[in-house]
Amino acid sequence: MKDFFKFTLATVTGVFIAGGVLFVFAVITLFGMLSASGGSAVVKENTVMRLDLNGTLVDHLRETPIELLSPLLGDGMTVYGLDDILASIRKAKENENIKGIYLRAGSLSASYASLQELRAALLDFKESGKFIVAYADNYTQGMYYLSSVADEVTMNPKGMLEWRGIASTPLFYKELLRKAGVEMQVFKVGNYKSAVEPFTATEMSPENREQTEALVRSLWGQVMAGVADARSISVDSLNAYADQALMFYPAEESVRRGLIDTLVYADYINGYLKSRLNMGEEEKLLLLGLDEMMSLADPSTGDTGKDRIAVYYAAGEIVDKADISSTEETIVREDVLRDLRELKEDERVKAVVLRVNSPGGSAFASEQIWHAVNELRAKKPVVASMGDYAASGGYYIACAADSIVAQPATLTGSIGIFGMIPNAKGLADKLGLTSDVVKTNRHSDVGGLMRPLDGEEKSLMQMMINQGYATFVSRCAEGRRMSEADIEKVAGGRVWTGEAAVESGLVDTLGGIGDALRIAAAKAGLEKYEVVSYPGKEDLFFSLFNAAPSGWETRALRRELGEYYRPFSLLKNLWERSPVQARVPFELNIR
């Protein structure tokens with residue numbers, strides 16, 4: 001027995017020591033990676049920027065340990081910051097030694113609003129007279145929309161161009177929950193507030209179908225207009241190609257119809273780029289990747305003076321408190337209130353661009369953030385820049401800004417709220433669970449999972465939802481300087497594209513972060529200024545020691561489940577959500 005304990009102790013000690021050594025090795029390797037990318041790249045004459053896009057695009061990349069160590073794990077899930085790519089394209093435009101961009105189009109998870117922002121940056125790059133060459137083994141529809149601005153669009157001879165139009169295919173959970181014995185008790189205002197439909201219906205309501213059809217037609221019209229202009233192909237022809245499902249035809253058909261210029265293998269591109277640069281066959285082609293471009297000094301930040309414009313990134317679902325087990329981006333109420341208060345008190349910050357990329361979330365948290373934005377706006381200009389989403393709670397927090405800028409494909413509006421309380425009595429009965437109660441008053445146990453709400457409680461819940469909706473409408477009317485009656489005409493929970501929102505007055509102008517910065521500078525009377533991003537990056541060691549182990553599990557699930565991760569995550573977290581939500585439909589699933 002003595003030997004058993006001795007050997008067991010030795011084994012356990014060995015495991016701990018090995019784990020410690022591996023952890024130290026990972027940290028040293030990580031620092032080596034960071035140090036290697038920390039120096040400024042040297043840009044020689046006839047250099048080409050190589051932009052590989054294969055992964056996930058977010059507005060602002062705050063590098064967590066999971067993302068930093070991802071290359072060591074080899075899971076292939078690259079995350080890009082939209083702000084990093086935009087800055088790199090701008091630097092490539094302004095550097096006289098960089099002659100062009102080689103766009104290597106992979107499978108990028110990004111909405112059309114983000115692609116429009118990238119597309120505008122590439123078009124601006126071409127204004128300098130420099131070239132863009134695009135290549136893909138296979139083009140997704142979104143990546144073709146982006147790549148169509150290139151001077152030369154090339155594809156693998158055995159590749160495929162996805163060109164089929166846009167569809168929305170939401171999932172409905174009503175029957176799944178019914179079989180499980182769970183009833184969702186729903187309260188809402190607005191016929192178009194369709195976020196609750198997955199839990200109460202098996203198909204779209206007429207109102208939801210109406211708004212979804214308007215959304216996908218608007219998005220598809222924007223995509224076709226962009227490609228038609230770039231490729232000199234009529235919109236009617238592009239629509240006909242989509243009806244024929246061009247992706248099922250041989251690659252040569254895409255060339256014949258003018259969507260692709262040349263069919264080549266990837267190893268041909270280096271030679272093609274050399275010919276564009278008038279280089280000899282034996283000369284070495286110089287390519288700078290995104291990491292190297294990010295390390296270059298940004299000429300636009302030189303001689304900026306002491307004044308700052310802050311770009312505050314508010315991305316993800318709006319929540320009342322942080323969930324340390326999640327790797328999803330969230331807008332945490334207390335964090336945002338603290339940050340906005342600091343920006344208000346910082347005398348160096350003369351204006352703030354509030355970058356909102358959110359489908360909404362907790363109605364209470366949205367109201368608190370609205371108040372903080374309103375307080376900030378009282379002291380300095382605030383301009384809202386909308387990303388992929390700025391809907392429901394996302395619009396709630398943006399409407400307090402002096403001006404609102406959105407992309408044509410941004411999903412916004414959805415002015416409405418709903419409440420949802422699960423009743424798991426049926427599930428408990430199936431499992432053989434019973435409960436009892438002792439209470440002092442009639443409604444002491446209201447909201448419990450083991451019984452449904454009674455008639456009086458349902459009336460009280462609906463009264464609270466009505467009050468919340470009235471507050472939401474009044475906030476929008478105040479922020480947009482419109483009457484509540486005019487807001488009501490475009491409210492009711494209806495979702496709009498940015499293109500349509502400009503016409504209704506919910507948005508001031510179309511554009512991206514750069515446009516919002518110019519508006520903010522004009523409102524603050526600034527000619528020279530430094531752009532500073534908030535929130536800042538976390539201290540590396542702090543984030544390493546505070547990274548939740550479940551974050552790695554979540555990343556693995558996202559990789560394995562793909563497009564089905566979102567509905568899985570939704571059902572997993574159903575019990576933890578705030579019961580009163582200002583949120584866009586849970587998953588439009590636009591493809």
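Rules used in this analysis
- Residues numbered from 1 in each chain as written.
- Predicted model: local features only at pLDDT ≥ 70, side-chain atom pairs only at ≥ 80, totals over all residues.
- Heavy atoms only, no water.
- Helix = DSSP H or I, 4+ residues; strand = E, 2+ residues; numbered from the N terminus.
- Contact = heavy atoms within 4.5 Å.
- Areas by Shrake-Rupley, 256 points an atom, 1.4 Å probe, with all protein chains shown as cover.
- Buried < 20%, exposed > 50% of the residue type's maximum accessible area, 1.4 Å probe, protein only.
- Core = buried A, V, L, I, M, F, W, Y, C linked by side-chain atoms within 4.5 Å.
- Phe/Tyr/Trp six-rings, centres within 6.5 Å; stacked < 30°, edge-to-face > 60°.
- Lys NZ or Arg CZ within 6 Å of the ring centre and 35° of its normal.
- Pairing = 2+ DSSP bridges.
- Right-handed = clockwise from strand over helix to strand, strands pointing away.
- Expected span 1.5 Å × (residues − 1).
- Salt bridge = Lys/Arg side-chain N within 4 Å of Asp/Glu carboxyl O.
- pLDDT = per-residue confidence, 0-100.
- Axes fitted to C-alpha atoms, helices over the stretch in contact; angles between N-to-C directions.
- Parallel < 35°, antiparallel > 145°, perpendicular 65-115°, else oblique.
- Left-handed = near helix turned anticlockwise from the far one by under 90°.
- Lys, Arg positive; Asp, Glu negative; His and termini not counted.
- Polar contact = N/O pair within 3.5 Å; in protein donor to acceptor, adjacent residues only side chain to side chain.

Trainee: Can you help me understand the overall build of the protein in this one?
Mentor: The helix and strand tally for the protein stands at 24 helices and 21 strands. Considering only contacts in the protein between residues 6 or more positions apart, those separated by 24 or more positions represent 78%. Surface summary for the protein: the accessible area is close to 27,800 Å², and the carbon and sulfur share equals 54%.

Trainee: Can you help me understand unusual backbone geometry in this one?
Mentor: Most peptide bonds take the trans configuration, and most residues that are not glycine carry a negative phi. Tyr 534 connects to Pro 535 through a cis peptide bond whose omega is -10°. Within the secondary structure layout, Pro 535 lies in the loop between β20 (530-534) and α22 (540-546). Positive phi outside glycine occurs at Ser 392, with the angle close to 55°. Examined against the element boundaries, Ser 392 turns out to sit in the loop between β14 (382-391) and α16 (393-398). A residue is classified by how much of its surface remains accessible, and Ser 392, at 0% relative accessible area, is buried. You will see that Arg 481, though not glycine, has its phi angle at about 55°, which is positive.

Trainee: Just checking my understanding: could you explain the nonpolar core for this structure?
Mentor: The nonpolar side chains of a soluble globular protein tend to be buried with one another. Of all hydrophobic cores here, the largest spans 58 residues; its most connected members are Tyr 139 and Trp 163. Tyr 139 has contacts with Ala 105, Ala 134, Tyr 144, Ser 147, Val 153, Thr 154, Met 155, Met 160, Leu 161, Glu 162 and Ile 260, leaving out every residue within four places of it along the chain. Formed by 55 residues, the second largest nonpolar core is a distinct cluster that contains Val 189, Leu 337, Trp 370 and Met 461.

Trainee: What is the right way to read the packing of aromatic side chains from this model?
Mentor: Aromatic ring pairs are reported here in terms of the distance separating the ring centres and the angle at which the planes meet. Per the counting criterion, the structure on display carries seven aromatic pairs. Ring geometry for Tyr 139 versus Tyr 144: centroids 5.8 Å apart, planes at 85°, classification edge-to-face. Summarising the aromatic geometry, the rings of Tyr 173 and Phe 199 are spaced 5.5 Å apart at their centres and angled 40° between planes, so their arrangement reads as tilted. Here Tyr 173 is found in the loop between β5 (152-155) and α7 (174-180), whereas its partner Phe 199 is found in helix α8 (residues 197-200), with 26 residues between them in sequence. Put simply, the rings of Tyr 139, Tyr 144, Trp 163 and Trp 220 pair up and form one aromatic cluster. A cation over an aromatic ring shows up here: Arg 475 above the ring of Trp 370, its NZ or CZ 4.1 Å from the ring centre. One Lys or Arg, Arg 494, reaches over the ring of Trp 496 and ends 4.6 Å from the middle of that ring.

Trainee: Would you take a moment to explain the pairing of strand β15 (residues 403-406) for this structure?
Mentor: The two faces of a sheet get side chains in turn, since along a regular strand they alternate between them. Covered by surrounding structure in β15 are Ser 403 and Val 405 together with Ile 404 and Ala 406, the residues of both alternating faces. Note: β14 against β15, three bridges, orientation parallel. Bridging from a neighbouring strand, Ser 385 pairs with Val 405 of β15. Handedness of the crossover is the feature at issue here: the chain leaves β14, passes through α16, returns alongside β15, and the resulting connection is right-handed.

Trainee: What exactly am I supposed to notice about helix α21 (residues 513-524) here?
Mentor: Each α-helix winds once per 3.6 residues, and so residues spaced three or four apart point in a common direction. Here α21 contains twelve residues, and its C-alpha end-to-end distance of 16 Å stays within 8% of the 16 Å for a straight helix at 1.5 Å per residue. Each element contacted by the buried residues of α21 is listed here: α5 (112-126), β9 (308-315), β12 (349-358), β14, β15 and β20. One or two positions beyond α21, positive phi appears at Gly 525, with a value near 70°.

Trainee: I keep staring at the pattern of salt bridges and nothing clicks. Help me out?
Mentor: Note on pairing: side chains with opposite charge can pair once their charged atoms come close. Tallying each qualifying case throughout the model produces 29 salt bridges. Residue Arg 355 is joined to Glu 117 by a salt bridge in which the shortest nitrogen-to-oxygen separation is 3.3 Å. Of the two residues, Arg 355 is situated in strand β12 and Glu 117 in helix α5; the sequence distance between them amounts to 238 residues. Of the residues examined, Arg 355 reaches a relative accessible area of 1% and is grouped as buried. Between Asp 515 and Arg 518 there is a salt bridge, and its shortest N-O distance comes to 2.9 Å. Here Asp 515 and its partner Arg 518 are both found in helix α21, three residues apart, which amounts to about one turn of the helix. With relative accessibility at 29%, the residue Asp 515 sits in the partly exposed group. Classification of Arg 518 by relative accessible area gives exposed; the value is 53%. Within the structure, one salt-bridge network assembled from shared partners comprises Lys 439, Asp 445, Arg 451 and Glu 457.

Trainee: I tried to follow the confidence of the model for the protein on my own but got confused; where do I start?
Mentor: For the protein, the mean per-residue pLDDT works out to 86, and 80% of the residues sit at or above 70. Here residues 4-9 scores under 50 on pLDDT; set against residues more than four positions off or in separate chains, the count is zero contacts.

Trainee: When you look at helix α18 (residues 455-480) in this model, what are you seeing that I'm missing?
Mentor: Here α18 is 26 residues long and its end C-alpha atoms lie 38 Å apart, about the 38 Å a rise of 1.5 Å per residue gives. By the burial criterion, the buried members of α18 are Glu 457, Met 461, Ile 465, Tyr 469, Phe 472, Val 473, Arg 475, Cys 476, Ala 477, Gly 479 and Arg 480.

Trainee: Looking at this structure, I do not really get the packing of α5 against helix α9 (residues 206-231). What am I missing?
Mentor: Between two packed helices, both the angle of their axes relative to each other and the distance between the axes serve to describe the pair. For the pair α5 and α9, the least separation of the axes is 12 Å and the interaxial angle reads 25°. Here α5 lies roughly parallel to α9, going by the angle between them. Taken as a pair, α5 and α9 cross one another with a handedness that is left-handed. Contact with α5, carried on its side by Tyr 112, Gln 116 and Arg 119, involves Gln 222, Val 223, Gly 226, Val 227 and Ala 230 of α9 and no other residues of that element.

Trainee: I'm lost on the side chain of Lys 274 in this one. Help?
Mentor: For Lys 274, the position within the fold is in helix α12 (residues 268-276). Glu 282 provides the closest opposite charge to the buried, salt-bridge-free Lys 274, at an N-O distance of 7.2 Å. A distance of 3.0 Å separates the side chain of Lys 274 from the backbone oxygen of Glu 281, its partner in a polar contact. Once you skip the residues sitting within four places of it in the chain, Lys 274 turns out to touch Met 279, Gly 280, Glu 281, Glu 283 and Leu 285.

Trainee: What am I meant to see in the pairing of strand β4 (residues 131-136) here?
Mentor: Across the six residues of β4, six count as buried, placing the element largely inside the fold. Side-chain alternation along β4 places Phe 131, Val 133 and Tyr 135 on one buried face and Ile 132, Ala 134 and Ala 136 on a second face that is also buried. Two strands pair when backbone bridges link them, and strand β3 (residues 98-109) and β4 are joined in this way by five bridges, in the parallel orientation. Bridged to Arg 104 within β4 is Tyr 135. Pairing between β4 and β5: four bridges, direction parallel. Within β5, the position partnered with Tyr 135 by the bridge is Thr 154. Note that the unit made of β4, helix α6 (residues 141-147) and β5 has a crossover that is right-handed.

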